[in-house]
Amino acid sequence: MDDLDDRIARLSPAKRELLAQWLREGEPEHAPYVEPSNAVERSLVDIWGEVLEVDLLGIDDDYFELGGDSIHAIVIVARAQQVGLALGTQDIFDGRTVRTVAARIAPPSVATAPELPAPAEADPVGFPLTPLQEGILYHCLAGDTDGAYVVQLHCRLVGDLDLAAFAAAWRAVFAAHPALRAVVRWQDDGRPRQVLLPDATMSVETVDHRKLDETERQAAFARLLDEDRRRGFELRKGPLMRLLFVIEGPANHRCVWTYHHLVLDGWSQQLVLGEVFDRYTDPAGFVATADRPSFADFLTRSAAYRAVDEEFLRERLAGLDGGTRIAEAGAQSPVAVPRGRVDLVVPTELTAQLGAFARSRGLTLATLVHAVWALLLGLRTGRDDVVFGSTLSGRPVWLGEATRCVGMFVNTLPLRVLVTPAAVVSSWLVAIQRELAALADHQHAALSRIERTAATGSGAPLFDSILVVENYPTWIGEGDRVAGLRIDELVVSVDEGYPVVVEFTPGTPAALRARFDPRRVDRSVVMALMSAMVTCLRMLPGHVDAEVATLRQRVGRSLAEQLTELRAEAREAAGRRLPTARRRPTPVPRTDRAAGA
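First, a word on what this report is: a plain description of the structure on this page. A quick note: this is a predicted structure, and the numbers were derived from the prediction, not measured.

A look at the side chain of threonine 258
- One can find threonine 258 in strand β6 (residues 252–260).
- By relative accessible area, threonine 258 is classed as buried at 1%.
- Of note is the side chain of threonine 258, whose polar atom sits 2.5 Å from the side chain of aspartate 228.
- Those residues in contact with threonine 258 that lie beyond four places of it in its chain are Val150, Val151, Gln152, Asp228, Phe233, Leu240, Met241 and Arg242.

So, the environment of leucine 551
- Residue position: leucine 551 is located in helix α18 (residues 548–583).
- Residues leucine 551 and leucine 375, spaced 176 residues apart in sequence, show a C-alpha to C-alpha distance of 9.0 Å.
- With near-sequence residues (within four places) excluded, leucine 551 lies in contact with Leu375, Val425, Cys536, Met539, Leu540 and His543.

Re the sheet that holds strand β10 (residues 465–469)
- In space, the six strands of this open sheet follow the order β7-β14-β13-β10-β8-β9, with mixed pairing throughout. Across the chains shown, the open sheet's two edge strands, defined by having one partner strand only, are β7 (340–345) and β9 (411–418). Neighbour-to-neighbour, the strand axes of this sheet turn through a mean angle of 25°, independent of strand direction.
- By the bridge criterion, five bridges tie β10 to strand β13 (residues 500–505) in an arrangement that is parallel. Bridge assignment links isoleucine 466 to a residue of β13, and that residue is valine 501.
- Packing against the sheet, helix α15 (residues 425–440) makes contact with β8 (385–392) and β9, and its axis sits at approximately 150° to β9.

Comments concerning the nonpolar core
- In terms of nonpolar packing, the biggest core is built from 77 residues, with Trp373 and Trp428 touching the most fellow members.
- Excluding anything up to four places from it in sequence, tryptophan 373 contacts Ile326, Phe388, Ser465, Leu467, Val500, Val502, Leu529, Met530 and Met533.

Some points on the packing of helix α8 (residues 163–176) against helix α10 (residues 266–281)
- Two elements in contact, α8 and α10, have axes whose closest approach is 8 Å; the angle formed by their N-to-C orientations is 130°. When the interaxial angle is binned, α8 and α10 end up oblique. α8 and α10 meet at a crossing whose hand is right-handed. In contact with Ala165, Phe166, Ala169, Trp170, Ala172, Val173 and Ala176 of α8, α10 contributes Val272, Leu273, Glu275, Val276, Phe277, Arg279 and Tyr280.
- Grouping the constituent residues of the contact of α8 with α10 by class yields twelve nonpolar, no polar and two charged.

Details of unusual backbone geometry
- Between glycine 238 and proline 239 the backbone carries a cis peptide bond, its omega angle lying at -10°.
- Mapped onto the secondary structure, proline 239 falls in the loop between α9 (214–231) and β5 (241–249).
- For the bond running from threonine 508 to proline 509, omega is 0°, close enough to zero to count as cis.
- Checked against the element boundaries, proline 509 lands in the loop between β13 and β14 (511–516).
- Within the chain, arginine 96 stands out as a residue other than glycine whose phi angle is a positive 70°.

What to know about the packing of helix α13 (residues 348–361) against helix α17 (residues 523–539)
- Viewed as axis vectors pointing N to C, α13 and α17 meet at an angle of 50°, and their least axial separation amounts to 10 Å. Compared by their axis directions, α13 and α17 come out oblique. In the packing of α13 onto α17, the handedness of the crossing is left-handed. Mapping the contact onto sequence places Glu349, Leu350 and Leu354 in α13 and Val534, Leu537 and Arg538 in α17.
- Grouping the constituent residues of the contact of α13 with α17 by class yields four nonpolar, no polar and two charged.

A closer look at the packing of aromatic side chains
- Inspection of the entire model under this criterion finds 13 aromatic pairs.
- Relative to tyrosine 280, the ring of phenylalanine 166 lies with its centre 5.2 Å away and its plane at 80°, an arrangement referred to as edge-to-face. Remark: tyrosine 280 occurs in helix α10 and phenylalanine 166 occurs in helix α8; sequence separation between them is 114 residues.
- The class of tyrosine 280 is buried, set by a relative accessible area of 12%.
- On the basis of an interplanar angle of 45° and a centroid distance of 4.8 Å, the ring pair of tryptophan 257 and tyrosine 259 is categorised as tilted.

Quick word on the pairing of β13
- Burial within β13 is extensive, with five of its six residues counted as buried.
- Alignment of β13 against β14, held across six bridges, turns out to be antiparallel. The residue of β14 that forms the bridge with valine 500 is phenylalanine 516.
- Between β13 and β14, which follow one another and run antiparallel, lie five residues, and glycine 507 among them has a positive phi close to 155°.

Focus: the pairing of strand β1 (residues 150–159)
- Taking burial as the measure, the ten residues of β1 include nine buried ones, the bulk of the element.
- With nine bridges connecting them, β1 and β6 associate as antiparallel partners. Paired with valine 151 across the bridge in β6 is tyrosine 259.
- In this sheet, strand β12 (residues 485–493) lies alongside β1 in antiparallel orientation, the contact comprising seven bridges.

Cut-offs applied
- Residues numbered from 1 in each chain as written.
- Predicted model: local features only at pLDDT ≥ 70, side-chain atom pairs only at ≥ 80, totals over all residues.
- Heavy atoms only, no water.
- Helix = DSSP H or I, 4+ residues; strand = E, 2+ residues; numbered from the N terminus.
- Buried < 20%, exposed > 50% of the residue type's maximum accessible area, 1.4 Å probe, protein only.
- Polar contact = N/O pair within 3.5 Å; in protein donor to acceptor, adjacent residues only side chain to side chain.
- Contact = heavy atoms within 4.5 Å.
- Pairing = 2+ DSSP bridges.
- Axes fitted to C-alpha atoms, helices over the stretch in contact; angles between N-to-C directions.
- Core = buried A, V, L, I, M, F, W, Y, C linked by side-chain atoms within 4.5 Å.
- Parallel < 35°, antiparallel > 145°, perpendicular 65-115°, else oblique.
- Left-handed = near helix turned anticlockwise from the far one by under 90°.
- Nonpolar A, V, L, I, M, F, W, Y, C, P; charged D, E, K, R; others polar.
- Phe/Tyr/Trp six-rings, centres within 6.5 Å; stacked < 30°, edge-to-face > 60°.

Here it is in structure tokens:
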């Protein structure tokens, strides 16, 4: 809770009601209901209503007021194309209503479906790697440990757990999704391919900690997690995921699910967890989704888009005079070392204010967060032309029901943002949203090939920070109760190999998280940047008609103050530690042994 939350809490009930009334008066009015008048409008109303979960949707209802975001837009576009309506996510963002969007596209009878490459036949030597898989593989081979890019999810399951049935549910999910059984094999020409093993089985182990006291359990579990991460995976042999149960009591189990980032992204992680609990809850009644698309089909078809998407990005990066890097020079290869972490909760009132502001302006929260990070990178590096990694879902609209497919779809690509001082903030935000939408339409490019041709000098990376907006659907979370079990202490850890990874998780309240390499980025810098992100988000609505220069100046002042304060605190803490270190006795070497002993 921040200072504003404290002040609100101290208000009298009458004053709090007046404040709530004032906030309600500032909310936009909803458009009157207007029913669809033609086939295109009826199709779009049906699709929007289903995806946005709105029972009565009119053709003048605002997409953003209905709760639409970039992920909803992907699903809507995919389903629209399945019925012959050719549109993109930017059409939805710009049109905002069914009436306007429908007027931009041709009727189903004359609409032309986008050209798709023909699905390839089953490849006996495997399938191409996705662009991000190629990058992950390169870093894993170049690194000095097998623990890089290992994702470890662990939680406590409280309740009456049927361990055998739960393990059986996991094995059934593993068998149902080919992507989970992927391994990497090299062809005669040296090119890597991923092979989806048909008969692989997942390792499930059990450890009993019931005889340990609580202190011993905590220490033993911490050691177990560390050993599990360091164990890594054999990429050629597989399988690239495993499961471990720790029994601590009759109604107290820990579950550790470890997998390599090569096989799963965050969206698929949630799909797997949801299906595991569905199968565990009703193993006899569970029915697998019949129309779920094939991940192998995605691999073969998406490869055909790479050349076009990479050319698009080269054009977008033309004229860039260098990369945007905020970390100190250091080892480039990712290693499984403890990462620093900073977590901030965006206050509830600010979360609500940002949501209302974004809806009123036809923007997504992802756009606001990307704009803020671009502004801070400009301040930190002194550049007006910045570039950083934006992580995209990678789920193409041409792959029907791609949102329900398990695999490694996600990709990270460079987003270039001009922090133009004279631009009006509102127009600047719209421009960033359009760049994000265009990037999402060209998300099959390989970053490694883009960086080789970009003018950043001596093969240096384009960026060393990435931004992840975790707005994918979640089925399992902290505190959930499923099948008679309560899920507690849910923790996910992963090292992506970048010096700074910033995550924004929408919700009530929203959350900001930064993971960083402490060898290359000082903790005080990361803390100041995260605090400045919240400050800038708070300032955005009030500066929407101002110039970017004004916003940047005020945010820059806040960032400088934060850095000064945090560094002073760090020096003070170091000063307190120094006398203690000086008082420690110096060990005296033993001299009672023979010199040759």
